[in-house]
Each structure stands twice: as C-alpha cells, then as structure tokens.
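Secondary and tertiary structure notes
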Amino acid sequence: WRSRLRVPVVVNGGFFGERDNSLGLRIAKGKTLNDLRAADWGVFYVRTSRRKSGLEAHILHTSDFKKLPQTLKNRVREAIQCGPRLVVEGRVLTFKEQWARRTGIGISRNGQVVLAISEGELTLRDWAILWNSKSGLNCADALNLDGGGSTQIAIKTARENYKTGGAWPVPDVVYLR
C-alpha cells in the first residue's frame with residue numbers, strides 16, 4: 001500500500017467483510033466510496049477549512065456525523081468510520097476488557113493527526129489511556145481502527161524505515177502524506 005500510494009506512512013484501515021468490502025463510511029478525495037453505517041462507532045474525517053487554505057481533522061460519533069449540516073459534509077475530503085471511539089474531548093471512555101493488537105487514529109491537543117499501532121496485545125482501556133496521556137500520544141480525541149490480525153504499519157522517511165505486517169492483507173488503509 002505504501003509504495004502504491006507513494007506515501008511515507010500507512011496503517012490498516014477500518015472493518016471489512018468476508019468479500020473485502022468496507023464496513024462503514026469511506027470517503028476518499030471527496031468521493032463517497034461506502035455509505036455511513038448505523039453503528040455505535042466514530043467517524044474520523046478531514047474537511048476543508050473555512051479559511052482559504054488548509055484542512056481540519058475531526059472525530060465524531062456516527063450519529064453526530066450524520067447530523068452535520070450538508071454544507072459541512074460537502075467539505076469532507078477524507079473519512080473513515082470505525083470504532084469504538086477511545087478518547088472524546090480528553091476523556092477516556094469505558095470498555096469491555098478485550099485483549100488484542102491495536103491500530104488507531106487521533107487528533108493531538110495541538111491539532112495534529114496521529115496514527116499508531118500496538119506491537120503487542122493490550123486492552124481497549126489501556127490503549128485509550130495511552131492515546132489520552134500527556135506522556136503518551138497526548139490526543140484529545142482518538143478512534144480505534146481495525147486491529148488484531150489486521151494491525152500493520154509501514155513507514156519510510158529520510159529518518160525511518162519500518163514495517164510490521166499483519167496476519168492477512170487488508171482492503172483499505174489510512175495514510176499520511
């Protein structure tokens with residue numbers, strides 16, 4: 001994926017079905033590839049800013065994203081729906097204790113988009129605490145992406161060349177330019 005997209009960082013994306021069909025909203029380059037799913041998940045999205053240039057990243061609950069005015073939805077350039085949300089406005093949510101490798105996306109307290117995976121298994125609560133912690137990823141909002149055997153990352157920059165594969169190929173990804 002990283003080579004094909006010619007991007008420095010890529011992680012696995014959201015949930016998918018048996019035929020590699022995406023489950024939940026997917027918007028790429030302003031085009032809706034898959035519709036919003038009625039689920040207790042979150043939506044990470046990037047929209048054009050009201051200012052003349054720039055982009056804004058957001059994470060909302062599925063129901064809140066659905067309620068956005070059409071004028072805002074029309075400015076969405078990229079979106080992925082998955083779950084659960086881990087951190088909401090600086091507050092760690094509660095979860096059932098489930099152990100797995102994890103992949104996530106968040107928005108730091110200074111507005112930067114953060115992608116991360118866990119090398120080993122951990123609970124959703126521990127994962128959420130890591131995202132929220134000022135000594136961790138320091139994110140005010142964070143969303144869990146598909147994990148377990150799907151968890152994988154590839155990074156290639158002037159300073160870093162790292163790749164960890166998952167148990168199987170994934171049909172969609174999240175990347176940073």
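What comes next is a walk through the structure. (Residues numbered from 1 in each chain as written. Predicted model: local features only at pLDDT ≥ 70, side-chain atom pairs only at ≥ 80, totals over all residues. Heavy atoms only, no water.)

Let's talk about helix H4 (residues 124-132)
Every buried residue of H4 is accounted for by Leu124, Trp127, Ala128, Trp131 and Asn132. Down the axis of H4, the buried set is contained in an arc of 130°. They therefore lie on one face. The inward-facing, buried residues of H4 abut strand E7 (85-88), strand E8 (91-92), strand E10 (103-108), strand E11 (113-117), strand E12 (122-123) and strand E13 (139-144). (Buried < 20%, exposed > 50% of the residue type's maximum accessible area, 1.4 Å probe, protein only. Helix = DSSP H or I, 4+ residues; strand = E, 2+ residues; numbered from the N terminus. Arc of directions from axis to C-beta. Contact = heavy atoms within 4.5 Å.)

Some thoughts on the environment of lysine 67
Tracing the backbone shows lysine 67 in the loop between helix H2 (62-66) and helix H3 (70-73). Residues lysine 67 and serine 3, spaced 64 residues apart in sequence, show a C-alpha to C-alpha distance of 37 Å.

Some remarks on the packing of aromatic side chains
Taken as a whole and assessed by the stated rule, the structure comprises three aromatic pairs. Each ring, one from tyrosine 45 and one from phenylalanine 65, has its centre 5.2 Å from the other, and the planes form 70°; the classification is edge-to-face. Of this pair, tyrosine 45 sits in strand E4 (residues 42-48) while phenylalanine 65 sits in helix H2, and the two are 20 residues apart along the sequence. The pair tyrosine 45 / phenylalanine 65 is uniform in exposure class, with both members buried. Taking the centre distance of 5.5 Å and the plane angle of 90° together, the rings of tryptophan 127 and tryptophan 131 count as edge-to-face. Taken together, the residues tryptophan 127 and tryptophan 131, both in helix H4 and four residues apart, mark about one turn of the helix. Above the plane of the ring of tryptophan 1 lies arginine 4, whose end atom (NZ or CZ) is 4.2 Å from the centre. (Phe/Tyr/Trp six-rings, centres within 6.5 Å; stacked < 30°, edge-to-face > 60°. Lys NZ or Arg CZ within 6 Å of the ring centre and 35° of its normal.)

Topic: the sheet that holds E4
One open sheet holds the five strands; their spatial order is E3-E2-E6-E4-E5, and the pairing between them is antiparallel. The open sheet is flanked by strand E3 (31-34) and strand E5 (55-61), the only strands paired with a single partner. Each adjacent strand pair in this sheet contributes to an overall mean axis angle of 25°, direction not counted. As defined by bridge partners, E4 adjoins E5 across seven bridges and the pair is classed as antiparallel. (Pairing = 2+ DSSP bridges. Axes fitted to C-alpha atoms, helices over the stretch in contact; angles between N-to-C directions.)

Observations concerning the sheet that holds strand E15 (residues 161-164)
The four strands are arranged E15-E14-E1-E16 in an open sheet whose pairing can be described as antiparallel. Strand pairing shows two members of the sheet lacking a second neighbour, E15 and strand E16 (173-176), which therefore form its edges. Direction aside, neighbouring strands of the sheet carry axes that sit 10° apart on average.

Some words on the side chain of arginine 85
Note that arginine 85 resides in strand E7. Within the buried core, arginine 85 has no salt-bridge partner, and the shortest N-O distance to an opposite charge, that of aspartate 64, equals 5.1 Å. Filtering out sequence-adjacent residues up to four positions away, arginine 85 remains in contact with Gly42, Ile59, Leu60, His61, Leu93, Phe95, Ala142 and Leu143. (Lys, Arg positive; Asp, Glu negative; His and termini not counted. Salt bridge = Lys/Arg side-chain N within 4 Å of Asp/Glu carboxyl O.)

Observations regarding the pattern of salt bridges
Taken as a whole and assessed by the stated rule, the structure comprises two salt bridges. The shortest N-O distance in the salt bridge between glutamate 56 and arginine 47 comes to 3.0 Å.

Observations concerning unusual backbone geometry
Note that the residue after glycine 83, namely proline 84, is joined by a cis bond; omega there is 5°. Counting through the fold element by element, proline 84 comes out in the loop between strand E6 (76-82) and E7. Positive phi, close to 55°, is recorded for arginine 6, a residue that is not glycine. Positive phi values are uncommon outside glycine, yet asparagine 138 reaches one of about 55°. Following the sequence through the fold, asparagine 138 ends up in the loop between H4 and E13.

Regarding the pairing of E3
As a general feature of sheets, a regular strand has side chains that alternate between the two faces. Here three bridges tie strand E2 (residues 26-28) to E3, and the two strands are oriented antiparallel to one another. Within the sheet, the bridge partner assigned to arginine 26 lies in E3 and is asparagine 34. Joining the antiparallel neighbours E2 and E3 is a turn of two residues, in which lysine 29 adopts a positive phi near 50°.

Scope: geometric values only; no functional claims are made or implied.
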